[in-house]
Amino acid sequence: MNVLAFLGDFGDAVSFIFKERESVSGGVQIGGLGELGGLAGTHLLVSLVAMAIAIAVSVPLGLMLGHRGKGEFLAISVSNVGRAVPAVVLLFFFIAFIGNGFRNVAFVLILLAIPPILTNSYVGARQVDNEVVDAARGMGMTGVQIVRRVRLPLAMPTIFAGIRTSAVSVIATATIGPFANLRTLGEPILSENIYRFSGQLGAAMVVALITLAADAGIGLAQRAVTPKGIKLAEEPRTKGPRLSLPTRRREAAT
Amino acid sequence: MAVSSESTLLFAQDAPEGFFGDRADKCVREEGFCPEWIADNYQRYIDPFWEHVFLTVVPVTIGFILAFSLALLAHRHRWLIGPVAGVTGALYTIPSVAFFFLLQPITGLGKTTAIVALTCYTLLIIFRNVITGLAAVPDDAKDAGRGMGLTERQMLWKVELPLALPEILAGLRIATTTTVGLAALAFLANGGGLGAELDAQRFFKSNVVVAGGLCILLAAVLDVIILGFQRLVTPWQRAAT
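Each chain has its residues counted from 1, running along the sequence as written. Each chain takes a letter, starting from A, and each ligand takes a number, starting from 1, following the order in which they are written. With pLDDT at 70 or above as the cut-off, local features in this predicted model cover only qualifying residues; side-chain atom pairs require 80 or more to be listed or tallied, and sums for whole chains, interfaces and linings still use all residues.

Draft legend 1. Broad picture of the interface of chain A and chain B. We call two residues in contact when their backbone-placed C-beta atoms lie within 7 Å. At the junction of the two partners, chain A supplies 33 residues and chain B supplies 32 residues. Where the side of chain A that touches chain B is concerned, the elements lending two or more residues are helix H1 (2-18), helix H3 (72-84), helix H4 (87-97), helix H7 (143-174), helix H8 (186-190) and helix H9 (192-225) of chain A. Each helix is a run of DSSP H or I of at least 4 residues and each strand a run of E of at least 2, with the numbering of both proceeding from the N terminus. With 9 residues, H9(A) is the single largest residue contributor to the side of chain A that touches chain B. Think of it as three bins: nonpolar holds Ala, Val, Leu, Ile, Met, Phe, Trp, Tyr, Cys and Pro, charged holds Asp, Glu, Lys and Arg, and polar takes everything else, Gly as well. Grouping the constituent residues of the side of chain A that touches chain B by class yields 25 nonpolar, 4 polar and 4 charged.

This is the structure we're talking about:
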């Protein structure tokens, strides 16, 4: 009996995702792929804009700081501070003090996305072996060339780990966009009186699936951008004594 | 929610002439940031604050017991690491807003749902840190232990776990601050906490500053407490964070 009710809830939620229906208060058509598609579009757009800006800001900054060996305090503590200020609280601060809308939500998401990417870019650039950098310098590379052609490729897996962490929290936080009047996938979740439980549950399922998909997708991209040399060095030990390649990989701060 | 906004108005009306001051009155009406209002109303945040503490401490405690046991099991049976990390990783990825609703058909509305969801988020962080901490124990230390005739169990509790303690407690710190933040959304599952206050008057700057500020303060205080505990129990490791 309980199990049936439980399945019923989920069944109703699935039908909300695929079929339009009239809202209980009447007059408005809710649900269906059309409406959810639109909400998902806004959701992904605001997430993408925020991620693009956060990456454009933090990757170069983190790599430069890592290259110069300066600003360790900034690069590391930004993550710790970021964790202590919850996304929700940040969003509510913005709503009360600055206002609603796409731009404000995007700004909150950018602030949320920067710390993991910045810290990981910094750590990724730092953990490149000094001998490799010396070799590059010996070949006559300038500082900028070393950052772009040596540190960046070798830091790629670490940077992507940061991007993955950020993307997951950005997509998750975009769900509370409706608090700031931005109609994302959180709309059905947060407007219970219109969408009822089936709408809340349906939208929750869609958000969860999108986040898991983004996480898996970035995981694959992370593999694709990992330079072959690092992959080889990380292969589990095969026969014979392993070459002692510089595989020292610190766990990123997140 | 409606009650709290009413009580604000009531208070403004009931205030004796001249006591509240026109400026302060105007500040509340304009939903501004008013120190006077905060001084007079801080009591309404005490209960939600302790609720928030409850919503943090209980999930972190349950999560720690679960993840720590799983990690010890996986430390002995290495093949378990992949599956456990995979499952806890997937749980960790599901957005909290969605999680609170996905659980409702099973656990209903209320604190249980909030606690189950918040517990799930702590698992990956603690599990990962216990495993990496144990893996980083120097072989020399283990060899020495073995040479002294320690059994497997003694080795774990007297050599490996003490040496892994900084990493384990680092995981506990991350889990705790993360949970404070996520608990701010527990009101979506009727779990109460400071998030409910934030949501109740979300355009009133004073309210947002007090409720949001208490969240941040709680995260910072719990972090410092665990850090202090870590310093206390690992006197040989003063330099590590």
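Draft legend 2. Examining the packing of helix H4 (residues 46-76) of chain B against helix H10 (residues 152-183) of chain B more closely. All names here are of chain B. Helix axes are fitted only over the stretch in contact, all axes being lines through C-alpha atoms; the angle between N-to-C directions runs from 0 to 180 degrees. At a minimum axis distance of 9 Å, the contact between H4 and H10 shows a crossing angle of 140°. By the criterion of interaxial angle, the relationship of H4 to H10 is oblique. Once H4 is placed against H10, the crossing between them reads as right-handed. Along the contact surface, H4 presents His-52, Leu-55, Thr-56, Pro-59, Val-60, Gly-63 and Phe-64, while H10 presents Leu-172, Ala-175, Thr-176, Thr-179, Val-180 and Ala-183. For the contact of H4 with H10, the residue count by class is 8 nonpolar, 5 polar and no charged. An angle below 35 degrees is treated as roughly parallel, one above 145 as roughly antiparallel, one from 65 to 115 as roughly perpendicular, and anything else as oblique. Here is the rule for handedness: rotate from the far helix to the near one, and if that takes an anticlockwise turn smaller than a right angle the crossing is left-handed, while a clockwise turn gives right-handed.

Draft legend 3. Representation of the confidence of the model for chain A in the model. Residues with a pLDDT of 70 or more make up 87% of chain A, whose mean pLDDT is 82. Low confidence marks residues 237-254 of chain A, where pLDDT is under 50. Its contacts with residues over four positions away, or in another chain, come to 24 contacts. Values of pLDDT, which run from 0 to 100, indicate the predictor's confidence residue by residue.

Draft legend 4. Fine view of the packing of H10(B) against helix H12 (residues 205-233) of chain B. Residues and elements named next belong to chain B. With their axes 9 Å apart at the nearest point, H10 and H12 run at an angle of 170° to one another. Classified by the angle between their axes, H10 and H12 sit roughly antiparallel to one another. The residues of H12 that touch H10, namely those facing Leu-165, Pro-166, Leu-169, Leu-172, Arg-173, Thr-176, Thr-177, Val-180 and Gly-181, are Cys-215, Leu-218, Ala-219, Leu-222, Asp-223, Ile-226, Leu-227, Gln-230 and Val-233. For the contact of H10 with H12, the per-class residue count stands at 12 nonpolar, 4 polar and 2 charged.

Draft legend 5. Expanded view of unusual backbone geometry. The phi dihedral of Asn181(A) falls on the positive side, at around 60°, and the residue is not glycine. Along the chain, Asn181(A) falls in the loop between H7 and H8. Take Asn181(A): there are 13 C-beta atoms within 10 Å of it, and that puts it in the partly exposed class. Positive phi, normally seen in glycine, also occurs at Asn190(B), with a value near 60°. Along the chain, Asn190(B) falls in the loop between H10 and helix H11 (194-200). Exposure is read from a count of other C-beta atoms within 10 Å of each residue's own; the residue is exposed at 12 or fewer, buried at 20 or more and partly exposed in between. C-beta atoms are placed from the backbone. Exposure remark for Asn190(B): the 15 C-beta atoms within 10 Å place this residue in the partly exposed category.

Draft legend 6. Quick peek at the nonpolar core. Defined on buried residues, the nonpolar core groups Ala, Val, Leu, Ile, Met, Phe, Trp, Tyr and Cys residues joined through C-beta atoms within 7 Å. The biggest cluster of nonpolar side chains holds 124 residues, and the ones touching the most others in it are Leu91(A), Leu109(A), Ala113(A) and Phe127(B). Broken down by element, this core gets its largest block of residues, 15 residues, from H7(A). Contacts of Ala113(A), omitting those with residues within four sequence positions, involve Ala50(A), Met51(A), Ala54(A), Ser166(A) and Val170(A).

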